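Each chain, written out:
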Amino acid sequence: MVLIHIKRNDESQFLIDTNRGTPVEQLVKNVVTIFNGRLKVERICCEMEELAKYGTLYPPEILGLTEEQVSELKLDDHWGEQCIPSGGFTFVKDPIGRRNGKQPKKEMQDVLTNTVKEAKAMISKKLVTEGKCLTAKMVQNAIELLKGAVMIVYPMKLPPHDVIRMEFENIEDLAGTQASKEVIDPMAAQLWFCGRELYTDGKTVGDYVGKIENCKVIMKLSMRGSGAPGREPVMNENERKQWMLQAYRRQEELKKLDADDDDSYLNSEWADSGNLKRSFHGISNISWRVGK
């Protein structure tokens, strides 16, 4: 087994296990599927947190308009009248005006928020420090978990224009959003290992990581044309701090030794300049008398 630690822009993403015989093309595809899937789960979770607070999304013709404009244009959120959360709702106005304010009751809110927490934990970056691998199936399970929670609260389904439903149906439109800059096109994806790009022209993982089957390596994910990512530092941040701490302690020990040496010198009898001068004169007098 080859355990691969995937990074993006020097930030840890997830662990994935494979073997030396896996084609690079397949590895890249799996990595991009998991990477984009995690982003999808995060987007859904973010919107579901808003759903739990402020109800369903306004239709496109109302979105962005003030209440006066909606009234003047005689527009109506008929989907909001149909998609009522189970158990009723409490009106809580959305401060940014994206959702209709029909907040689910506490019990249904808990269903949504608790499921969001569970789904986030399933695809968390903390899995890296725990040594747990992430798979495409685990990502899909997180999506299915979120979908089930929404069905409990909104058994009649969300409006077709609600971004959560569009995410579930894989028809989301990310054009012009920040999210579109984070998603990686599988056809333009690159993996790098030790400053070298992994080529997909028939190469396998073993062609790059060597002959040792059971090993752990770091690979970096990037977009074609963005250049080679920075190489891994010789030591990580924690190791660097430990090294600096040891160096500081050693420096302090040397200072203390130097201070102890200086004290010994100054307090010694032979370091007394007056004593040395007296001794010198005494030797001179003896020599003069002997010579005489």
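These figures come from a predicted structure and were not determined experimentally. (Residues numbered from 1 in each chain as written. Predicted model: local features only at pLDDT ≥ 70, side-chain atom pairs only at ≥ 80, totals over all residues. Heavy atoms only, no water.)

## Digging into the overall build of the protein chain
For the protein chain, the helix and strand inventory stands at 11 helices and 7 strands. For the protein chain, the residues scored as buried account for 35% of the 292 residues in total. Counting contacts in the protein chain only where the partners sit at least 6 residues apart, residues at least 24 apart contribute 70% of the total. Split by element, the accessible area of the protein chain, about 18,300 Å² in all, is 54% carbon and sulfur. (Helix = DSSP H or I, 4+ residues; strand = E, 2+ residues; numbered from the N terminus. Buried < 20%, exposed > 50% of the residue type's maximum accessible area, 1.4 Å probe, protein only. Contact = heavy atoms within 4.5 Å. Areas by Shrake-Rupley, 256 points an atom, 1.4 Å probe, with all protein chains shown as cover.)

## Re the environment of Gln 103
Relative to the elements of secondary structure, Gln 103 occurs in strand E4 (residues 102–104). Residues Gln 103 and Glu 50, 53 residues apart in the sequence, show an inter-C-alpha distance of 9.3 Å. At 3.1 Å, the side chain of Gln 103 and the backbone oxygen of Lys 53 are in polar contact. In this structure the side chain of Gln 103 is engaged in a polar contact, spanning 3.2 Å, whose partner is the side chain of Gln 109. (Polar contact = N/O pair within 3.5 Å; in protein donor to acceptor, adjacent residues only side chain to side chain.)

## Considerations on the nonpolar core
Formed by 49 residues in total, the largest nonpolar core has its most connected members in Ile 6, Val 41, Met 48, Leu 146, Leu 191, Met 219 and Leu 221. The dominant element in this core, judged by the number of residues it contributes, is helix H1 (residues 24–54), at 14 residues. (Core = buried A, V, L, I, M, F, W, Y, C linked by side-chain atoms within 4.5 Å.)

## Thoughts on the packing of helix H4 (residues 106–122) against helix H6 (residues 136–153)
The interhelical angle for the contact between H4 and H6, taken along N-to-C directions, is 180 degrees, at an axis separation of 9 Å. As summarised for this structure, H4 and H6 are arranged roughly antiparallel, according to the angle between their axes. On H6, the residues that touch Met 108, Val 111, Leu 112, Thr 115, Val 116, Glu 118, Ala 119 and Met 122 of H4 are Met 138, Asn 141, Ala 142, Leu 145, Leu 146, Ala 149, Val 150, Ile 152 and Val 153. Of the residues that constitute the contact of H4 with H6, the class distribution is 14 nonpolar, 2 polar and 1 charged. (Axes fitted to C-alpha atoms, helices over the stretch in contact; angles between N-to-C directions. Parallel < 35°, antiparallel > 145°, perpendicular 65-115°, else oblique. Nonpolar A, V, L, I, M, F, W, Y, C, P; charged D, E, K, R; others polar.)

## Details of the pairing of strand E7 (residues 215–223)
Bridge count for strand E1 (residues 2–8) against E7 is 6 bridges, and the pairing is parallel. Bridge pairing links Leu 3 to Lys 216 in E7. Two elements, strand E5 (residues 189–193) and E7, share 4 bridges in a ladder whose sense is antiparallel. For Ala 189, the partnering residue across the bridge sits in E7 and is Met 223. (Pairing = 2+ DSSP bridges.)

## A look at the pairing of E5
Across the 5 residues of E5, 5 count as buried, placing the element largely inside the fold. Of the two faces of E5, the one lined by Ala 189, Leu 191 and Phe 193 and the one lined by Gln 190 and Trp 192 are each fully buried. Note: E5 against strand E6 (residues 196–197), 2 bridges, orientation antiparallel. Within the sheet, the bridge partner assigned to Trp 192 lies in E6 and is Glu 197. If you look at the hairpin formed by E5 and E6, you'll find 2 residues sitting between the two strands, and Cys 194 has a positive phi there, around 55 degrees.

## What about the sheet that holds E1?
The strand order across the open sheet built from 5 strands is E2-E1-E7-E5-E6, with neighbouring strands paired in mixed fashion. The outermost strands of the open sheet, each flanked by one partner alone, are strand E2 (11–18) and E6. Where E1 lies against E2, 7 bridges are found, and the strand directions are antiparallel. Following the sheet pairing, Ile 6 is matched in E2 by Phe 14. Sheet contacts for H1: E1, E2, E5 and E7; angle to E2, the most-contacted strand, approximately 135 degrees.

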